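One letter stands for each residue in the lines below.
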Amino acid sequence: MALSDSVTTCLSPPVHYVICKLGFEKEDIYDIKNILSENGEIQWQAVTKHVCYLESDQSVDYIKSIRSLGPVCESVNLYLKSLTKEQFVIQYALWFHWTNYAELFLEVFEVLQYSQTTEVALGLMKLTSCMERALGDVYLLTGKECPFLLRDLLASEELAVVFGQPVMNVLRVFIGSPYGLNLRNVLWHGFASPQEIPAKYCAMLLFLTAGLGQLLQTYLLKTQCILVHRPYMIFVSLEELVVFPGKYLSVIKILLCYLNHETLSLAEELVKLSSFVLKTMLPFWMAALTAFKQNRYADCVILLLPQLEAGLRLLFTTTNKCPNRLLTAEVKFLSEVSYDLMLAKHLDNEEVNQLPVVLEEPAMEFLWDFLNHQEGPRIRDRLSHGEINLESFPKEVANQIVAFAITLLCRFSDEDMFAFKEHVVIKPLMNCAHCYRSRFHPISRLKKQVLECIKSVHSWPELPTVPEEHIPMTKG
């Protein structure tokens, strides 16, 4: 049996307990009227009182806080489910405008009505990235350079001035701190399966986002400040992101620029057979392919990138003979077995990383180009930090990620995949992936600049040339 079949969770026992059980230990029934005022505004003091602190240094006691906030989250979840969309829009839509993407939060509200685990997890990933971007805009009301990491942003004095430290501590219980629920990271790094994310935590963050909007409006009226939203990152030169040039161009116009129904149907079969896919994560893969079919390209890539990381982590731990590190979603390890380490030449113990040997250079260069190189699109970073407009996410980028994922599904399987690899719509993808060369490595960028300079010089017809007799005849 493949290891991908035997893995039932990628959360270590302590983290699994914190996310899946701790917030359910108190069975108290918390009255939603204790949180909401008569006009529907959130009474923050009724929420912040559930955050507990250590006696030693008055830092947040995350275990006690999660246990205490559990019934509050359940009460909020039931309350939101009791509202119609029209009621929710009338009551709360205004308080999401500060995020610059109010439509997303209405979408998450609708998802919560049905509690489909995969859609809730997707909604939570989008919600946290959008919230991070919006909080960064608020930070810049008084700060100069927004912190890159969410945990640093939530711990900043600049946000505490606007929202109050107790409010920021509530947020840190749910996102940003590796000692809390850390919902954003366990999802974006591909550790959590759909069924491991309680819907009530998504509901609570939706609710808290509206409450932040209320607090921010009060602050802006008091200070006469104007909240300015930073522009979204825009993909330029999309033709550079089309991976498969040359003799396969005509095929790629059909398959990659327009991945057709047959290709995607084959991909769905590959997902079920490939040992690259952790079976507990199968719903994410199927949802990603469905999203692509429905032209929801941002949703497709958001779902797929963490699963590529999870699959690569499985390969990494297998090839480097460290299976225990597959479950390292813990405080001291969470960011350790991520893309940066998996793509590095050496492990943290200085031994040679075997994953690049197994993946081979073309696949490694693709991953570095699309995820890590500073000149590249850095898709995962920019999506997870809310830097990209999800509504206009380019199809071209989703094409490349899906096509690359299909090649990994084919390559890594315990089944006889010959029929798939030789299929008329799959073989060109495999061939093109095998020929990939870096576009965004600094040396590759320099080569391109030199070629552009040569082309530019040749386009100057009036440029005088040096007579041949004036060229010194030197040896060497």
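Details of the structure are given in the entry above.
Residues numbered from 1 in each chain as written. Predicted model: local features only at pLDDT ≥ 70, side-chain atom pairs only at ≥ 80, totals over all residues. Heavy atoms only, no water.

Asker: I'd like a rundown of the nonpolar core, residues and numbers included.
Answerer: In terms of nonpolar packing, the biggest core is built from 157 residues, with Phe-174 and Phe-393 touching the most fellow members. Looking at this core, you find at least three residues from each of domain 1 (13-223) and domain 2 (238-457). Aside from chain neighbours lying at most four places away, what touches Phe-174 is Leu-69, Cys-73, Leu-181, Asn-182, Leu-183, Tyr-201, Met-204, Leu-205 and Leu-208. (Core = buried A, V, L, I, M, F, W, Y, C linked by side-chain atoms within 4.5 Å. Buried < 20%, exposed > 50% of the residue type's maximum accessible area, 1.4 Å probe, protein only. Domains from an automatic or database assignment. Contact = heavy atoms within 4.5 Å.)

Asker: I'd like a rundown of the packing of aromatic side chains, residues and numbers included.
Answerer: A full pass over the atoms with the stated rule returns 16 aromatic pairs. Look at Tyr-79 and Phe-207: their rings are 6.5 Å apart centre to centre, the planes differ by 80 degrees, and that puts the pair in the edge-to-face class. Of the two residues, Tyr-79 sits in helix 4 (residues 62-82) while Phe-207 sits in helix 12 (residues 199-223), which places them 128 residues apart along the sequence. Taking the relative accessible area as the measure of exposure, Tyr-79 reaches 16% and is therefore buried. (Phe/Tyr/Trp six-rings, centres within 6.5 Å; stacked < 30°, edge-to-face > 60°. Helix = DSSP H or I, 4+ residues; strand = E, 2+ residues; numbered from the N terminus.)

Asker: Lay out empty space enclosed by the protein with the relevant residues and their values.
Answerer: Picture a little ball the size of a water molecule; that probe, rolled over the atoms, points out where space is still empty. Under the criterion given, the structure shown has five cavities of 30 Å³ or more. If you trace the largest cavity, you find it lined by Thr-99, Tyr-101, Ser-129, Cys-130, Arg-133, Tyr-232, Gly-386, Ile-388 and Leu-390. In terms of residue class, the lining of the largest cavity is made up of five nonpolar, three polar and one charged. Counting contributing residues, the lining of the largest cavity receives three or more from each of domain 1 (13-223) and domain 2 (238-457). (1 Å grid on protein atoms, 1.4 Å probe; cavity = no way out; pocket = protein on both sides within 12 Å on 5 of 7 lines; lining within 4 Å. Points joined across faces, edges and corners; volume = space filled by probe spheres on them. Nonpolar A, V, L, I, M, F, W, Y, C, P; charged D, E, K, R; others polar.)

Asker: Could you give an account of the packing of helix 6 (residues 102-112) against helix 12, naming the residues involved and the relevant values?
Answerer: Packed helices, taken two at a time, are described by the angle their axes make and the gap between the axes. Where helix 6 meets helix 12, the closest approach of the two axes is 10 Å, and the angle between their N-to-C directions is 150 degrees. Considered as vectors, helix 6 and helix 12 are oriented roughly antiparallel to each other. Note on packing geometry: the crossing formed by helix 6 with helix 12 is left-handed. Side by side, helix 6 and helix 12 meet where Phe-105, Val-108, Phe-109 and Leu-112 of the first sit next to Ala-199, Cys-202, Ala-203, Leu-206 and Thr-209 of the second. (Axes fitted to C-alpha atoms, helices over the stretch in contact; angles between N-to-C directions. Parallel < 35°, antiparallel > 145°, perpendicular 65-115°, else oblique. Left-handed = near helix turned anticlockwise from the far one by under 90°.)

Asker: Break down the pattern of salt bridges for me, citing the residues and quoting the values.
Answerer: A complete count under the given rule lists 15 salt bridges for this structure. One salt bridge in this structure joins Arg-313 and Glu-309, with 3.0 Å as the shortest N-O distance. In this pair, Arg-313 and Glu-309 both sit in helix 16 (residues 297-319), four residues apart, roughly one turn of the helix. Among the residues examined, Arg-313 registers a relative accessible area of 0% and is labelled buried. Classification of Glu-309 as buried rests on a relative accessible area of 0%. Two residues, Arg-411 and Glu-360, come together in a salt bridge whose shortest N-O distance is 4.0 Å. With Arg-411 in helix 21 (residues 395-411) and Glu-360 in the loop between helix 18 (355-359) and helix 19 (361-372), the pair connects residues that are 51 residues apart, well separated along the chain. On the accessibility criterion, Arg-411 (27% relative accessible area) is partly exposed. (Salt bridge = Lys/Arg side-chain N within 4 Å of Asp/Glu carboxyl O.)

Asker: Any chance you could break down a nonpolar patch on the surface for me, citing the residues and the numbers?
Answerer: Judged by side-chain polarity, Leu-446, Val-450, Leu-451 and Ile-454 come together as a nonpolar surface patch covering roughly 370 Å² of accessible area. Relative to the helices and strands, Ile-454 resides in helix 24 (residues 442-458). (Patch = residues over 30% accessible without salt bridge, like charges linked within 9 Å, V, L, I, M, F, W, Y side chains within 5 Å. Areas by Shrake-Rupley, 256 points an atom, 1.4 Å probe, with all protein chains shown as cover.)

Asker: Describe the side chain of Ser-177, with residues and values.
Answerer: Secondary-structure assignment places Ser-177 in the loop between helix 10 (165-174) and helix 11 (183-188). For Ser-177, a relative accessible area of 7% gives the class buried. Reaching out from Ser-177, the side chain makes a polar contact with the side chain of Tyr-62 at a distance of 3.3 Å. What Ser-177 contacts, discounting residues up to four positions off in sequence, is Tyr-62, Arg-172 and Asn-182. (Polar contact = N/O pair within 3.5 Å; in protein donor to acceptor, adjacent residues only side chain to side chain.)

Asker: Quick one: what's the story with helix 6, residue by residue and with numbers?
Answerer: For helix 6, a buried count of eight out of 11 residues is recorded, marking the element as mostly surrounded by other parts of the structure. Taken together, the buried positions of helix 6 are occupied by Ala-102, Leu-104, Phe-105, Leu-106, Val-108, Phe-109, Val-111 and Leu-112. Of the surrounding elements, those touching the buried residues of helix 6 are helix 4, helix 5 (85-92), helix 7 (117-139) and helix 12.

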